[in-house]
Amino acid sequence: MKKTTTRLADGRELIYYDLRDDAVRGERDARPLDPVATAAEIRHDRLLGDSVAIASHRQARTYHPPADECPLCPSQAFGTGEGRLSEIPAPDYDVAVFENRFPSLAGDSGRCEVVCFTSDHDASFADLTEEQAALVLEAWTDRTAELSQLPGVAQVFCFENRGAEIGVTLGHPHGQIYAYPFITPRTERMLSSLAAHHEATGRNLFDDTVADELADGRRIVLDGEHWVAFVPYAAHWPYEVHLYPKRRVPDLLALDDAARTEFPQIYLEVLRRFDRIFDEGTSRGPRTADSSRTPYVAAWHQAPLRAEHRGDFALHLELFTIRRTSGKLKFLAGSESGMNVFINDVPPEAAAERLREVASE
């Protein structure tokens with residue numbers, strides 16, 4: 001892998017991650033951009049004890065542009081679009097990461113970055129080769145290391161939202177990285193459960209969770225040498241898979257070479273199964289041309305940077321879709337939105353069985 005860091009016309013950082021060591025990145029961003037002006041701030045909710053990011057400038061962000069105006073495509077990949085420039089000055093790229101022009105977090109309130117998985121506008125993460133997916137993993141790891149060094153950052157969150165139903169405003173295959181100035185509420189709850197479980201049993205909650213799922217077996221989706229993917233016992237979403245390395249580590253930086261090598265095989269297979277679970281006419285083989293891609297959120301959970309007993313936290317990825325059956329979405333209604341009590345229409349055991357049915361041959 002070769003890493004090249006440069007700057008966009010408005011001063012934002014842009015990093016290329018190339019598979020070839022001899023890649024040369026000398027392209028200049030020729031756009032006449034004004035400096036980024038953000039109004040991001042963090043406000044504390046006294047009743048719930050959590051924080052809310054207020055970011056009014058995001059109202060002006062790019063919203064579902066046509067493919068020939070995609071800001072994440074290479075600048076010279078727009079058909080006849082001479083002079084049509086994008087966020088990526090290069091004519092092609094493997095993986096590119098840059099500071100978001102419309103960040104939810106900025107300045108003292110954190111940082112937001114965009115991760116472009118491929119220059120192919122019509123692809124998806126599931127279409128990547130294992131080599132390409134491994135490069136994305138390297139980019140996530142490198143950005144986690146770099147962002148962890150920024151003053152005030154408490155937690156680094158790598159994630160992907162895919163599909164218009166999820167709320168994605170750009171169709172190009174990409175994800176984001178948030179560097180939060182606080183520990184997120186979801187992680188705080190995990191840490192609290194972790195501490196309570198250790199006090200009660202003397203054991204690690206994450207280790208016991210993985211061991212219990214392996215022993216039960218009914219919700220296992222994929223069981224590799226170094227990773228295991230399963231539908232959790234109390235899944236919140238219709239189809240939800242948690243992916244854990246079998247050797248507990250706190251973050252992406254701590255993965256060993258064996259886990260890094262196997263990850264693309266396991267993760268790509270899980271994503272491809274997600275794209276087949278709602279194909280009514282086929283259970284195996286490639287996604288049919290007429291079938292739509294399954295909308296999903298893929299979220300890496302890493303240990304907060306300065307949490308007590310940080311080494312007890314377990315890195316894992318949570319993947320879920322809001323689609324509950326063909327043509328129907330799982331909307332957050334009164335119980336979920338008002339009281340944070342989820343009601344799942346799909347039994348986790350049935351979801352795991354379906355994900356096993358659509359395995360690649």
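Not measured: the values here are computed from a predicted model.

Caption draft 1: Geometry of the pairing of strand S10 (residues 227–230). Judged by which residues are buried, S10 turns out to be covered on both faces: Trp227 and Ala229 on one side and Val228 and Phe230 on the other are all buried. Looking at chain direction, strand S9 (residues 220–223) and S10 are connected through three bridges and run antiparallel. In the strand pairing of S10, Leu222 is matched with Ala229. Bridge analysis of S10 against strand S11 (residues 239–245) gives four bridges, and the strand direction is antiparallel. Each residue of the ladder has a partner; that of Ala229, found in S11, is Leu243.

Caption draft 2: Representation of the packing of aromatic side chains within the structure. Applying the stated criterion across every chain, the model contains 20 aromatic pairs. Judged by centre distance (6.3 Å) and plane angle (85 degrees), the ring pair of Phe117 and Trp140 falls under edge-to-face. Linking Phe117 in the loop between strand S6 (111–116) and helix H1 (130–147) with Trp140 in helix H1, this pair joins segments that are 23 residues apart in sequence. Judged by its relative accessible area of 1%, Phe117 is buried. What makes Trp140 buried here is its relative accessible area of 3%. Between Tyr178 and Tyr180 the ring centres are 5.8 Å apart and the planes differ by 75 degrees, which places this aromatic pair in the edge-to-face class.

Caption draft 3: Structural detail: the nonpolar core. Counting 55 residues, the largest nonpolar core has Phe125, Trp140, Tyr267 and Trp300 as the members making the most contacts within it. Per element, the largest residue contribution to this core is eight residues, and it comes from helix H4 (residues 257–274). For Phe125, the contacting residues outside a window of four places in its chain are Phe117, Ala133, Val136, Trp140, Glu160, Tyr267, Leu268, Leu271 and Tyr296. Grouped together as the second largest cluster of nonpolar side chains are 14 residues, Cys73, Ala90, Ala96 and Leu170 included.

Caption draft 4: View of the environment of Leu355. With respect to the helices, strands and loops of the structure, Leu355 is situated in helix H6 (residues 348–357). Along the sequence, Leu355 and Leu222 sit 133 residues apart, while their C-alpha atoms lie 9.2 Å from each other. Among residues more than four places away in sequence, those in contact with Leu355 are Val221, Val231, Tyr239, Val241, Arg273, Phe274 and Ile277.

Conventions we followed
- Residues numbered from 1 in each chain as written.
- Predicted model: local features only at pLDDT ≥ 70, side-chain atom pairs only at ≥ 80, totals over all residues.
- Heavy atoms only, no water.
- Buried < 20%, exposed > 50% of the residue type's maximum accessible area, 1.4 Å probe, protein only.
- Helix = DSSP H or I, 4+ residues; strand = E, 2+ residues; numbered from the N terminus.
- Pairing = 2+ DSSP bridges.
- Phe/Tyr/Trp six-rings, centres within 6.5 Å; stacked < 30°, edge-to-face > 60°.
- Core = buried A, V, L, I, M, F, W, Y, C linked by side-chain atoms within 4.5 Å.
- Contact = heavy atoms within 4.5 Å.

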